[in-house]
Every structure is written in structure tokens, then in C-alpha cells.
Amino acid sequence: GKTWRLGPDGGTRFQLFLYFLAGIEAPYSILARSGGRMLHAESLSGLTVRQLRQKQNARFPRDPVPDADFRLIDDGGVALLTIRSFSSDFADVDGKQTMKEFIEDCFRQMEERKTTTLILDLRGNQGGEDERGLQLFSHLVSKPFRYYDRIIANHLEFKLSQYTERPATLSESDYRKTAAGRYSNTADPMLGIQQPRLPHFAGKVIALMDGGSFSATCDLLSALHAAKRATFLGTETAGDYFGNSSGEFAMVTVPNTKLDVRIPLLTYYLSRNNPSAKPDHGIMPDLPIEPSIQDLISGRDPAMERALGVARVAVTQK
């Protein structure tokens, strides 16, 4: 995820990392060169993150962007479903349609229009509610399946709770102690056998992903990959193929430095029996596509262009 975090979609992370990681502090000496010839030199004072964002918003005002949108193209033969986050309860900026309702409506429209190819754009989606990933996947498979294999906690109570405003504990009734001395969740409805949902989409799926795809988004992408249910375009995901640490969190204030540290308390193990997956990696693309600097400057989206090309070939072959 490092390229994504330092890129244009990473917000103000580039400025922050210059300070935190590179140790570069104001005043800033700016030099611009072309072909070995210096064109410009200037000394700039620093700004706070809040000031930077205020200037950015004033200079480049943008309308609110919905967390998801959907459109049918090529007379309904191809569907483009973009989900930018699973964190919000609503798909639209006005809060009129829940994300759950939005996803159900998308599959109803595809069924009505007899759509044959779905482009699922999950680039920059850093995750959120696990249920939305499960909901999407359940419309793309026709047989019962397991999504999460197990959810494990090392303890139910934590010594670090003394450094939190809210004690970090897990409900004993939701867990059973394993032979290894850890605790396995028995209450989460996403454990065990899951059922497919209607309407079922049996057509081709093209998944777009990048280094901003993380957490619950990678749970979905991993499930699609293990089920051989999609063609993957873009770059390797930031999230892991086989699971993650998340769920319940403790916000710990370290006593000496007073730094706040967000610590996940649960480990999610995914039901993925896939020998082709690479250990210690995310989901790998079938068609690696990374935009060039010139693509970014011009606003060109080569990954989407390639996805549309693959989708249209699939439609003609039907």
C-alpha cells in the first residue's frame, strides 16, 4: 500500500511522511531543475495539516462523492459498480439509500437488463463493514460457502486496559476457550455455512483493485479469488490474502509519550484453500496495471480502460 498512500489518493499522507519519516522540517528549500538546469529556487514556511486542507479545499473545491455508484453501459450488457468504502451506512451523500439496499438494487437491475459482465471497482476501498463484502459475494456464487473460518482472540481481558478510557474486554458468552489456550468466537453470524442470495449473477466479474484496497475489501477479493470467480486488474492489494487483525479495537494512550495507539484485539482467519496464493502477500492481479506519472497528470485511467476492453470482449463472446 505504500505507493497508494504516497500518491494523490492518499490525502495528506505525503506531507505527513515527509515530516515523520524523512525528518524534513520547515522552512523548506525548494529547487526545481530541468535537464540539469535550475529553474526555480524558493524558501517556504510550513503549514499545519489543517491549514493545508483548508487551502486545498479553497483552491480545488469538490462536490461530495458518494461511497458507491452504479451504472449500466453498452445497452446494459456491462455493469460498472464502484464502492469506495464499506464504512458508511449509506451509499449516497444524502443518506437516502442504505448500502445494503443499494447493493440489492444493483443486482436486481442487472437481472432485469440481462447484464453479462460486471466490473467491480474496489480501488481505494479501505474496508469497513464485513457484512457488505459477504453480501456482495453471496450474489456472485450459486452454492453454500464459508466466508470466515474462525475469529480468534488471545485473551478476553487485557492488561493494556489500564491505559484506555474504555476497558478493552470481550464478552465471555461469545467465546469458547480452545485447546491452545486462546478464545474462539462462537457468536458472529458470518461464521459457519453461508447461503447464496438472489438474484444470482452468473456472468463474468472483473475486479479492479490497488494498494488502497484493504481490510474487509480484501476479505471479499480473497473470496472471489479462491472461488475463481473474477479476473483481477490493477496492483497488489494492501490487505492480506488469508486474514487480518481487526474487529474490536483498544485505543491505548502510552503512559510516557502519551501517543495514542489503536490495537486490534481479534484475528480473522479466512476460509481460503488456494495453493496458488502467495504467503505474506495480498491478492495479486491477473493483469497488472499501474498508472504512469503521465497518466496521473492527464487524468487517464488505464486500469478502467483495460477493464472495459476485457468486459466488451466477454460480451461479444456470449
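Details of the structure are given in the entry above.
What this report covers is the structure whose coordinates are included nearby. (Residues numbered from 1 in each chain as written. Predicted model: local features only at pLDDT ≥ 70, side-chain atom pairs only at ≥ 80, totals over all residues. Heavy atoms only, no water.)

## Section: the overall build of the chain
Thought 1: For the chain, the helix and strand inventory stands at 8 helices and 15 strands.
Thought 2: Expressed along its principal axes, the backbone C-alpha trace of the chain runs to roughly 65 × 60 × 40 Å.
Thought 3: Taken across its 318 residues, the chain has 38% of its residues classed as buried.
Thought 4: In the chain, 69% of the contacts between residues at least 6 apart in sequence involve partners at least 24 apart.
Thought 5: Taken as two groups, the 39 positive and 38 negative side-chain charges of the chain have centres that lie 4 Å from each other. (Helix = DSSP H or I, 4+ residues; strand = E, 2+ residues; numbered from the N terminus. Buried < 20%, exposed > 50% of the residue type's maximum accessible area, 1.4 Å probe, protein only. Contact = heavy atoms within 4.5 Å. Lys, Arg positive; Asp, Glu negative; His and termini not counted. Charge placed at Lys NZ, Arg CZ, Asp CG, Glu CD.)

## Quick look at the pairing of strand β11 (residues 204–209)
Thought 1: Burial within β11 is extensive, with 5 of its 6 residues counted as buried.
Thought 2: Where strand β5 (residues 117–121) and β11 come together, 5 bridges link them in parallel fashion. Looking across to β11, one finds that Ile119 is bridged to Ile206.
Thought 3: A crossover links β11 with its parallel partner strand β12 (residues 231–234), the connecting element being helix α6 (residues 216–226), and its sense is right-handed. (Pairing = 2+ DSSP bridges. Right-handed = clockwise from strand over helix to strand, strands pointing away.)

## Notes on the packing of aromatic side chains
Each aromatic ring pair is described using two quantities: the centre-to-centre distance and the angle formed by the ring planes.
Thought 1: Counted according to the given criterion, the structure contains 6 aromatic pairs.
Thought 2: Both rings, one in Phe137 and one in Phe145, keep their centres 4.9 Å apart while their planes meet at 85°; by these two values the pair is edge-to-face. Across the pair, Phe145 and Phe137 agree in class, each one buried.
Thought 3: Among the aromatic side chains, those forming a connected cluster through ring pairs are Phe137, Phe145, Tyr147, Tyr148 and Tyr268.
Thought 4: Directly above the ring of Tyr269 sits Arg150, whose terminal nitrogen or CZ lies 4.0 Å from the centroid. (Phe/Tyr/Trp six-rings, centres within 6.5 Å; stacked < 30°, edge-to-face > 60°. Lys NZ or Arg CZ within 6 Å of the ring centre and 35° of its normal.)

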